[in-house]
There are 4 protein chains.
Amino acid sequence: MKPLGVGVIGTGYMGKAHSVALKAVGTVFDTGLRPVCEMICATTAAGAAAKAKAFGFKRSTDDWRKLVDDPAVEAVIIASPQRTHREIALAAIAAGKPVFCEKPLGESLEDSEAMTAAAETAGVVNMVGFNYIRTPASQLARQIIESGEIGRVVHLRAEHTEDFFADPEAPAYWRTREPGSGALGDLSPHIINAALRLVGPIETLVADVQTVHETRPGPDGPERVRNDDQGHFLCRFEGGAIGSVTFSRVASGRKMGYAYEIYGTAGALRFDQEDQNALWLCDSTKASPREGYRKILTGPEHPDYRAFCLGPGHGTGYNDQIIIEARDFLQAIESGEPVWPTFRDGCEVNRIVAAIRQSHAARAWVRVGDLGKGTAAASSS
Amino acid sequence: MKPLGVGVIGTGYMGKAHSVALKAVGTVFDTGLRPVCEMICATTAAGAAAKAKAFGFKRSTDDWRKLVDDPAVEAVIIASPQRTHREIALAAIAAGKPVFCEKPLGESLEDSEAMTAAAETAGVVNMVGFNYIRTPASQLARQIIESGEIGRVVHLRAEHTEDFFADPEAPAYWRTREPGSGALGDLSPHIINAALRLVGPIETLVADVQTVHETRPGPDGPERVRNDDQGHFLCRFEGGAIGSVTFSRVASGRKMGYAYEIYGTAGALRFDQEDQNALWLCDSTKASPREGYRKILTGPEHPDYRAFCLGPGHGTGYNDQIIIEARDFLQAIESGEPVWPTFRDGCEVNRIVAAIRQSHAARAWVRVGDLGKGTAAASSS
Amino acid sequence: MKPLGVGVIGTGYMGKAHSVALKAVGTVFDTGLRPVCEMICATTAAGAAAKAKAFGFKRSTDDWRKLVDDPAVEAVIIASPQRTHREIALAAIAAGKPVFCEKPLGESLEDSEAMTAAAETAGVVNMVGFNYIRTPASQLARQIIESGEIGRVVHLRAEHTEDFFADPEAPAYWRTREPGSGALGDLSPHIINAALRLVGPIETLVADVQTVHETRPGPDGPERVRNDDQGHFLCRFEGGAIGSVTFSRVASGRKMGYAYEIYGTAGALRFDQEDQNALWLCDSTKASPREGYRKILTGPEHPDYRAFCLGPGHGTGYNDQIIIEARDFLQAIESGEPVWPTFRDGCEVNRIVAAIRQSHAARAWVRVGDLGKGTAAASSS
Amino acid sequence: MKPLGVGVIGTGYMGKAHSVALKAVGTVFDTGLRPVCEMICATTAAGAAAKAKAFGFKRSTDDWRKLVDDPAVEAVIIASPQRTHREIALAAIAAGKPVFCEKPLGESLEDSEAMTAAAETAGVVNMVGFNYIRTPASQLARQIIESGEIGRVVHLRAEHTEDFFADPEAPAYWRTREPGSGALGDLSPHIINAALRLVGPIETLVADVQTVHETRPGPDGPERVRNDDQGHFLCRFEGGAIGSVTFSRVASGRKMGYAYEIYGTAGALRFDQEDQNALWLCDSTKASPREGYRKILTGPEHPDYRAFCLGPGHGTGYNDQIIIEARDFLQAIESGEPVWPTFRDGCEVNRIVAAIRQSHAARAWVRVGDLGKGTAAASSS
């Protein structure tokens, strides 16, 4: 077991989650590399120092370049705002260091394509943080689909819905100000990633996006909201299935509405992240009066569950998803083999987001492949 | 309590349901008119006679014109295949008799417009059979929305999904042969009607429709399927909300997937016909750590429940929906006042179906108001 | 199809339900006998006349003896308060008329034994109204158990819980005044009947019963409650299984909490009347990572469903249970063969209730067979 | 932040969980003490060394006495089989070291009383590992009950059911051989602890316990099972409520059936560990036609959630419960103040288990206070 110095940029929600994961991953999984919490970066030196103490890092900085260039930092985790992703990732790649970047990869498709090209040219390990797809239940969903148990997929109904802006009086802040931080930019990538992972590439789509509350209380009175509250799209997958996907930050009552229903010619699946330890499966080949959706509680026979707990139904949680990501990142570094989802996969998600924007603007169906330079045409996996 | 002679055309699934309802409605509800099962019509004289005996009708016929013209038949219920609706309804209207027509009203928008115009010109009572919206739970949903309890509606997610053609080997029969009997023609009207009833008129939409299994086993080998298996559309409502609606007859595991989620600025609703005695409500105005979706079990305090049962949670079923329709039809006849949903309302559903077909064909957004002659522009109620 | 004059005693909740059922049963099912609503009896002549009009009966009376003796009344349905059951039933039996009596059969075990003995001696058709066990789902539960699909039953967990007296300020009325109308006397019989029907005879039990709110607001100030609010018992079935059963009228939030979980050596079942169209089944013989409780939606392949509706998942409701009872009563009359549940079956339920009372009083386990005269030792079925 | 050397005895299921928790706790929570994984003990030296490497401990041993006596081990976690608890705990107490012992505390009530007396006399920090009660949802349940939101509790229905021995052919091993490792000894303590925590002390109870499968396949043919498969009890709490509790290891389909329903005079709660991130609450004081059980998804406003994640509904899992226990153990050590649940609390659970055994043997109600020496009469908290 070899130590690996890791630097984390960002000390918010995701920065903490990655810190917890770095501490726990080597005990949960049998990893060849053992991460060492080497340095953490925040926007102020004092803040960074406090977080280093709280999260258990050796050192801290308010300058991400110092972290990236530090010789003891052997791998970089980017958990800072999305507009910073490109610049930091390119620097880390230039330094030849493995880089894990939170979703969405770049703020724009162009950013993501640049990051992907750089990482692939340099040959450094690169990953994107789509954590929700890492639950044992969603991994099981993929296993079931890949094995053909539900036949050929014909329809996907999916959503990523939350309600943190459902209240019209919720005040404006950076989340309402940055164009890429609306429901489309911030929430849809998770469920688009799931759609691509579970059903395959999307060929064409038509979308509609909406700002429900056009102003919100600001420091100086009503302030214009600069991004979207909700949207949805219809699509056709390359494999022939059709898809209906919604995303929202104003879906009253929805806390973690990352959910999908996948209908195949031989069965169907349902999943809702709000009950993340269950996957619902229907086997329609039996046509039996004893059939119906069955609630499979994840357990040690399902992907990645056993490392956390030997008892079925005992359950994993949010931070366990990040621990699984950490395991994969360490494995990729150790083996030098790409592990899904790479920057290329993250870039494909950005391509769909760009297609949604274009479809919305043009009020028309768009062909996804027409977006971007097409440098990231094939997915890893 | 005055007797009213009723004639029922059709002895299948819906013909039987209406017969049961005619027997029970006067005992369940305090209706001024008491229906008498006067005559029933089937395709053969022997079949009609057998059904008259089984369902408790005085007389039978294999000629719907005889039924419509019979002086003892004072009101007509059309429960025959949709392609027959127009001709029968026009005859009943011409005879000046109140007419109840199963959904979808006409096979085409043109048919529905003709039927609506005829009924309104003649001034006869006319209704369409959208039974699912008549559960106490869905009536409660409307009450909640109308009273403003969930604020302004911003998103509707709805579906009518079943799985009776999920099996690719299910053989071809009339349901795969008549153009209007696909998922779009047969299933979508129910949920479109719900969308219009609960959220209001639709302004624009974009749709996609698909035949998943292009051939099915026929009497002489593989037979081409002449209608669609599934589809979906995005829409904008006149009130500003957006909607995502799916319909399918190949949704494995779905038996009665008439379901909707309605998000408002102050709360949300969820309903699934597979658990028809519950409505889920979230009140987001409280922003309380005690809030969440609550499962309201329908009871005597909710619309039309008390007549069936005094105990909450004891539940109503499919046939009870038809009894509620029968009560409304009798009331409309007695009062001479139109009761929702009239032919005009059914015609609006056909207009949406026509818009879906056009959007699919043109691969473009369409304005609903551009479809048809616009003779049925305003809804009743 | 031969007409059968029926008299109904009682015009409340259950009297109405039976009236609706008498109207509908002949159209829903193919019954050889067609019930005619001949006479209805209420406590006042005016009330009876009003209900005869409302429910569609030919005649009315305020004297149940007149109804029982009327030559046109060929069968009697007793839906009056339980303290009247014995006298009316004995009179109907004496008149040689088939009799259907609402649950609980007698107010006491002694009453039930007398009624059972009289009915059996006279050889008249006799039934008891345990309606909840008549849903297609609960009939399916029995089918599954009988066929051995879940193996040998080892545990039953069951309840009949409602909340109509959960509010301590709910006022006193006859339900708090009659000793037999507490949760034990009024609610437990339904779920005890289910336990006996699904798992078999009970050998021994130990029970505890409680009046939670000892006084309630009465017309002249606080009034003593004369019966119980809740209770529970542990039991051993003759077949070796153990059972835990609760009953309550103060179970906040429970509206129709007639529910059971049955664990066998090869699988398990779960049912809750609040979602009466679903039965949950787990097949544990597979030991497969794809197994879990599956939600079977009742449909035309399940017992008695097809007569109501051809579509699976469309659902039956409370009144449909009474229609099934009516069909059985008519069949028993036509065939002369006893149909479960007979008075003897109702008597066995009373024996358990008596055993619960005795166990509670003695603070000890009791042997059920030691209660009563043992005249009704074997169940029909 | 001061380091604290911790020794863990046991490298199975729970030993690993505690190791993960020791790694993560300081990053998740702001603890004054930072645990150092000092030494781990397994039954063989090689096994211990391997686990030390896998779990990230500095040193290892196959002799728990060495661990207990090691000066660098400042606190001891006992995660070894229950029959070893007493001896190890007494040694750790004798060494003056804080001790955390997995449930059940002792193998017998006598053991637990001895351990409690020793710990209290010595004044060392002592805790018992009842992890399930530590979910944010169950902590919220307690908060709701304590604040009076559901009024006075009148009924508890609870269970701890799993199915790992549902298959009659599952072979015999230590779990079927040690008298204290049956469903009563191993599973019931969790749910008894919940009952005591949520509803208060139990005054009297009556129980029944059963071995469903009396033999199981052993190495030399059928082997006698030496403990129980399932059982249940009725009880009266000191506060007046009644309780019905079941426990089973043969409950087909139940994976983590730690579940309770608590009915109060003003509302009710429901929880099932299989969906551990939700608590169901019904407020019956409103008597409103909008009321029903609401599904509260735990979030940062609920106990201990915020440290794991800022997003509501994102969910915690099994290992997070152990992290919360670790935080409490560290706090108790730092503050010197007892933190619930202490040995005294664990001893009360053993007292109930002993009462169940006695009630079963005597076929009689027993008074809980009559069991044991009564040295541990009052609970901490």
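Residues numbered from 1 in each chain as written. Chains lettered and ligands numbered in written order. Predicted model: local features only at pLDDT ≥ 70, side-chain atom pairs only at ≥ 80, totals over all residues. Heavy atoms only, no water.

With that settled, consider the overall build of chain A. Each helix and strand in chain A was counted, giving 10 helices and 17 strands. Dimensions of chain A along its principal axes, counting C-alpha atoms only, are 60 × 55 × 40 Å. For chain A, contacts bridging at least 24 residues in sequence account for 69% of all contacts bridging at least 6. As displayed, chain A has an accessible area near 12100 Å², and 51% of this comes from carbon and sulfur atoms. Positive and negative side-chain charges of chain A, numbering 41 and 47 respectively, have mean locations separated by a distance of 2 Å. (Helix = DSSP H or I, 4+ residues; strand = E, 2+ residues; numbered from the N terminus. Contact = heavy atoms within 4.5 Å. Areas by Shrake-Rupley, 256 points an atom, 1.4 Å probe, with all protein chains shown as cover. Lys, Arg positive; Asp, Glu negative; His and termini not counted. Charge placed at Lys NZ, Arg CZ, Asp CG, Glu CD.)

This part takes up the relation of the copies chain B and chain D. At an RMSD of 0.0 Å, chain B and chain D line up after a rotation of 180° and a shift of 0.0 Å along the axis. Within this description, the copies of the chain are treated as partners about a two-fold rotation axis. Within chain B, the C-alpha atom positioned nearest to the axis of rotation is that of Arg294(B), 1.8 Å from it. Taken as a fraction of all interface residues of chain B, those also at the interface in chain D reach 100%, which identifies the copy contact as same-surface. (Least-squares fit on C-alpha atoms with pLDDT ≥ 70 in both.)

Moving on, we come to the interface of chain B and chain D. At the junction of the two partners, chain B supplies 17 residues and chain D supplies 17 residues. Together chain B and chain D conceal approximately 1300 Å² of surface at their shared face, both sides included; 43% is due to carbon and sulfur atoms. The largest share of the area that chain B buries against chain D comes from Pro289(B), Arg290(B) and Arg294(B), three residues that together contribute 47% of it. At the junction of chain B and chain D, the tally comes to four salt bridges. Notably, a salt bridge pairs Glu149(D) with Arg290(B), separated by 2.7 Å at the nearest N-O pair. (Buried area = accessible area lost by both parts, 1.4 Å probe. Salt bridge = Lys/Arg side-chain N within 4 Å of Asp/Glu carboxyl O.)

Residues and elements named next belong to chain B. The topology assignment puts Pro-171 in the loop between strand 7 (153-161) and helix 7 (174-177). A relative accessible area of 48% means that Pro-171 is categorised as partly exposed. Spatially, the C-alpha atoms of Pro-171 and Val-225 are 10.0 Å apart, while their sequence positions differ by 54 residues. Not counting the four nearest positions on each side in its chain, Pro-171 is found in contact with Phe-165, Arg-216 and Pro-217. (Buried < 20%, exposed > 50% of the residue type's maximum accessible area, 1.4 Å probe, protein only.)

Here the focus is the sheet that holds strand 5 (residues 99-102) of chain A. Strands pair in a sheet through their backbones, by hydrogen bonds, and they do so in one of two ways: parallel or antiparallel. All names here are of chain A. Read across the sheet, six strands follow the order 3-2-1-4-5-6 without closing on themselves; strand pairing throughout is parallel. If you trace the sheet from one side to the other, it starts and ends with strand 3 (59-61) and strand 6 (126-129), each paired once. Averaged over all pairs of adjacent strands, the angle between strand axes in this sheet comes to 25°, irrespective of strand direction. Pairing geometry for strand 5 and strand 6, over four bridges, is parallel. In the sheet register, Val-99 faces strand 6, and the bridge partner there is Asn-126. On the sheet, helix 2 (residues 45-55) packs against strand 2 (33-41) and strand 3 and is oriented at approximately 150° with respect to strand 3. (Pairing = 2+ DSSP bridges. Axes fitted to C-alpha atoms, helices over the stretch in contact; angles between N-to-C directions.)

According to the stated counting rule, one finds 43 aromatic pairs over all chains in the structure shown. Arranged with centres 6.1 Å apart and planes meeting at 75°, the rings of Tyr173(C) and Trp174(C) form a pair that is edge-to-face. Among the aromatic residues, those joined into a ring-pair cluster are Tyr13(A), Tyr132(A), Tyr258(A), Tyr260(A), Phe271(A) and Tyr318(A). The lysine or arginine in question, Arg197(D), covers the ring of Trp340(D), its NZ or CZ lying 3.7 Å from the ring centre. (Phe/Tyr/Trp six-rings, centres within 6.5 Å; stacked < 30°, edge-to-face > 60°. Lys NZ or Arg CZ within 6 Å of the ring centre and 35° of its normal.)

For the rest of this paragraph, the subject is the pairing of strand 12 (residues 242-248) of chain B. All names here are of chain B. Judged by how many residues are buried, strand 12 sits mostly within the fold: seven of seven residues are covered. Burial along strand 12 is two-sided: the residues Ile-242, Ser-244, Thr-246 and Ser-248 and Gly-243, Val-245 and Phe-247 are all buried. Pairing between strand 7 and strand 12: seven bridges, direction parallel. Considered in strand 12, the bridge of Thr-161 is made with Ser-248. Sheet analysis places strand 11 (residues 230-237) next to strand 12, joined by seven bridges and oriented antiparallel. By the bridge assignment, Arg-236 is partnered in strand 12 with Ile-242.

Below, the discussion takes up the pairing of strand 1 (residues 2-9) of chain D. All names here are of chain D. Buried residues dominate strand 1, accounting for six of its eight residues. With eight bridges connecting them, strand 1 and strand 2 (residues 33-41) associate as parallel partners. Pairing of Ile-9 across the sheet is with Cys-41, part of strand 2. Note that the unit made of strand 1, helix 1 (residues 13-28) and strand 2 has a crossover that is right-handed. Pairing between strand 1 and strand 4 (residues 75-78): four bridges, direction parallel. (Right-handed = clockwise from strand over helix to strand, strands pointing away.)

Turning next to the relation of the copies chain D and chain C. The transformation that overlays chain D on chain C combines an axial shift of 0.0 Å with a rotation of 180°, and the residual RMSD is 0.0 Å. The overlap is high: 100% of the interface residues of chain D also sit at the interface in chain C, so the same surface is used on both sides.

Between chain D and chain C, the residue contacts involve 45 residues of the former and 45 residues of the latter. For the pair chain D and chain C, the summed buried surface comes to about 3300 Å²; carbon and sulfur atoms form 53% of the total. For chain D, the biggest contributors to the area lost against chain C are His232(D), Ser252(D) and Trp365(D); these three give 17% of the whole. Between the two partners, chain D and chain C, sit two salt bridges. For the pair chain D and chain C, the interface holds 16 residue pairs in polar contact (both at pLDDT 80 or more). (Polar contact = N/O pair within 3.5 Å; in protein donor to acceptor, adjacent residues only side chain to side chain.)

At a minimum axis separation of 9 Å, helix 1 (residues 13-28) of chain B and helix 1 (residues 13-28) of chain C run at an interaxial angle of 155°. In terms of orientation, helix 1 of chain B lies roughly antiparallel with respect to helix 1 of chain C. Between helix 1 of chain B and helix 1 of chain C lies a crossing of right-handed hand. Contact residues: helix 1 of chain B offers Lys16(B), Ser19(B), Val20(B), Lys23(B), Ala24(B), Thr27(B) and Val28(B), while helix 1 of chain C offers Lys16(C), Ser19(C), Val20(C), Lys23(C), Ala24(C), Thr27(C) and Val28(C). Residues that form the contact of helix 1 of chain B with helix 1 of chain C fall into these classes: six nonpolar, four polar and four charged. (Parallel < 35°, antiparallel > 145°, perpendicular 65-115°, else oblique. Left-handed = near helix turned anticlockwise from the far one by under 90°. Nonpolar A, V, L, I, M, F, W, Y, C, P; charged D, E, K, R; others polar.)

Quoted interface sizes are often the accessible area lost when the parts come together. Residues and elements named next belong to chain A. By domain assignment, chain A separates into domain 1 (2-132) and domain 2 (136-275 + 277-316). If you average the C-alpha positions of domain 1 and of domain 2, the two centres end up 26 Å apart. Listed by partner, the interface residues are 11 residues for domain 1 and 16 residues for domain 2. For the domain 1 face of the interface with domain 2, the top three residues by lost area are Lys-103, Phe-130 and Tyr-132, together amounting to 53%. Across the domain 1-domain 2 interface, the total number found is two salt bridges. For Arg-83, the salt bridge is made with Glu-178, and the minimal N-O distance between the two is 3.0 Å. Applying the counting criterion to the domain 1 and domain 2 interface returns three residue pairs in polar contact (both at pLDDT 80 or more). Here the residues of the side of domain 1 that touches domain 2 are counted per class, giving five nonpolar, three polar and three charged. (Domains from an automatic or database assignment.)

Next up on the list: the sheet that holds strand 3 (residues 59-61) of chain B. Residue and element names in this part refer to chain B. Spatially, six strands are ordered 3-2-1-4-5-6 in an open sheet, and the strand pairing comes out parallel. Of all strands in the sheet, those bounded by a partner on one side alone are strand 3 and strand 6 (126-129). On average, adjacent strands in this sheet sit at an angle of 25° to one another, irrespective of strand direction. By the bridge criterion, three bridges tie strand 4 (residues 75-78) to strand 5 (residues 99-102) in an arrangement that is parallel. Within strand 5, the position partnered with Val-76 by the bridge is Val-99.

Residues and elements named next belong to chain C. Closest axis-to-axis distance for the helix 1/helix 9 (residues 318-335) pair is 8 Å, and the angle between their directions is 65°. Here helix 1 lies roughly perpendicular to helix 9, going by the angle between them. For helix 1 against helix 9, the interelement crossing comes out right-handed. Note on element contacts: helix 9 touches helix 1 through Tyr-318, Asn-319, Ile-322, Ile-323, Glu-325, Ala-326, Arg-327 and Leu-330, opposite Tyr-13, Met-14, Ala-17, His-18, Val-20, Ala-21, Ala-24, Val-25 and Val-28. Taken together, the residues of the contact of helix 1 with helix 9 sort by class into 13 nonpolar, two polar and two charged.

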